[in-house]
Amino acid sequence: MNIILMGPPGAGKGTQAKKISEELGLAHVSTGDLFRNALRSMNEFGVKANAYMEKGELVPDSLTNEMLLDHLEKNKDAMAAGFILDGYPRNVDQAEHLANVILPKLGTKIDAVLNIAVPSQKLITRLSGRRTCRDCGTSFHVEFNPPKVEGVCDNCGGELYQRADENETAVAKRLDTYDQATRPLIEYYANKGELTEINGDQSMDKVFADIKESLKG
Ligand code: AP5
Ligand code: MG
Ligand code: ZN
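The shown structure was predicted, so the numbers you read here are calculated from the model rather than taken from an experiment.

> Summarise the pattern of salt bridges; cite the residues concerned and give the values.
All chains considered together, the criterion is met by 16 salt bridges. Where D205 meets K19, a salt bridge forms, and the shortest distance between an N and an O atom there is 3.3 Å. Pair noted here: D205 is in helix α10 (residues 204-216) and K19 is in helix α1 (residues 13-24), with a separation of 186 residues, a long-range link. For D205, a relative accessible area of 52% gives the class exposed. Between K148 and D154 there is a salt bridge, and its shortest N-O distance comes to 4.0 Å. Overall, the relative accessible area of 38% leaves D154 in the partly exposed class. Each of the salt bridges in this network shares a partner with another, and the network as a whole consists of R163, D165 and R174.

> Got a sec to walk through the coordination of the zinc ion (ligand 3)? Specific residues and values, please.
Of the protein atoms, only C133 (SG), C136 (SG), C153 (SG) and C156 (SG) coordinate the zinc ion (ligand 3), at distances of 2.3 to 2.4 Å. Metal-centred angles of 100 to 115 degrees between the 4 donor atoms at the zinc ion (ligand 3) mark the site as tetrahedral. Each donor residue of the zinc ion (ligand 3) lies on the same chain, and together they follow the pattern C-x2-C-x16-C-x2-C. Accessibility expressed as a relative area gives 3% for C133, which makes it buried. For C136, a relative accessible area of 25% corresponds to the partly exposed category.

About the thresholds
- Residues numbered from 1 in each chain as written.
- Chains lettered and ligands numbered in written order.
- Predicted model: local features only at pLDDT ≥ 70, side-chain atom pairs only at ≥ 80, totals over all residues.
- Heavy atoms only, no water.
- Salt bridge = Lys/Arg side-chain N within 4 Å of Asp/Glu carboxyl O.
- Helix = DSSP H or I, 4+ residues; strand = E, 2+ residues; numbered from the N terminus.
- Buried < 20%, exposed > 50% of the residue type's maximum accessible area, 1.4 Å probe, protein only.
- Donors = N, O, S within 2.8 Å, 3.2 Å for Na, K, Ca; no water.
- Tetrahedral: all angles 85-135°; square planar, octahedral: opposite > 155°, others 65-115°.

This is the structure in structure tokens:
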């Protein structure tokens, strides 16, 4: 099963993708995580993307599409059981590229498009309290999902940090970029009859239960 997980910054895409990937054995593919990992290892994709990410702008499509295909092709075995795309596609051109280039190349298709909806005013609180593991990318929240030991990842023992795009200016720009470029994808997939809406304004466990229920259908 291949899933697209959509939603605004802070909606819980990464949080839910981790749970789905553990439960269903699917590969978690987050373009944001791929760019951040690429930057850490000083890979050219990460270095080029960083200037855009810091500002909260979308990385150019050409670079994003190339990096994603490169990752999917290099990890074909891990993708065999299926994958969850977290944060891709992020505009209509990427959605068309996925449908017309990437999926045919991999010889596969998308089975579900889930949109996690959360009221805008709650997103800032979620993003400002988030702590992310440097090693495995797991998200925590100082109030809503605190780690057992402050500053340490429950999952792998890695160091928790605040992302470079979590300052006020970058967050405002990310929300704006989402409204301009990404929100139109909701209608795009709804018009194709492929969209499932998930209420993201509930506890993490309830959101996860709703996702599992929707995947059964
Ligand atoms: P990316 O890394 O994808 O960031 P994003 O879309 O802004 O989303 P986040 O990762 O911030 O939020 P999330 O939905 O994963 O929420 P999380 O689960 O962490 O992209 C970063 C940048 O990379 C972009 O700005 C762009 O520059 C670039 N980029 C990436 N993909 C690209 C593409 N395709 N094209 C071009 N550029 C691209 O949860 C957030 C917080 O809320 C956490 O603290 C969590 O613990 C908490 N939380 C989660 N669920 C709940 C709940 N139910 N109740 C209470 N708290 C909750
Ligand atoms: Mg994320
Ligand atoms: Zn970790």
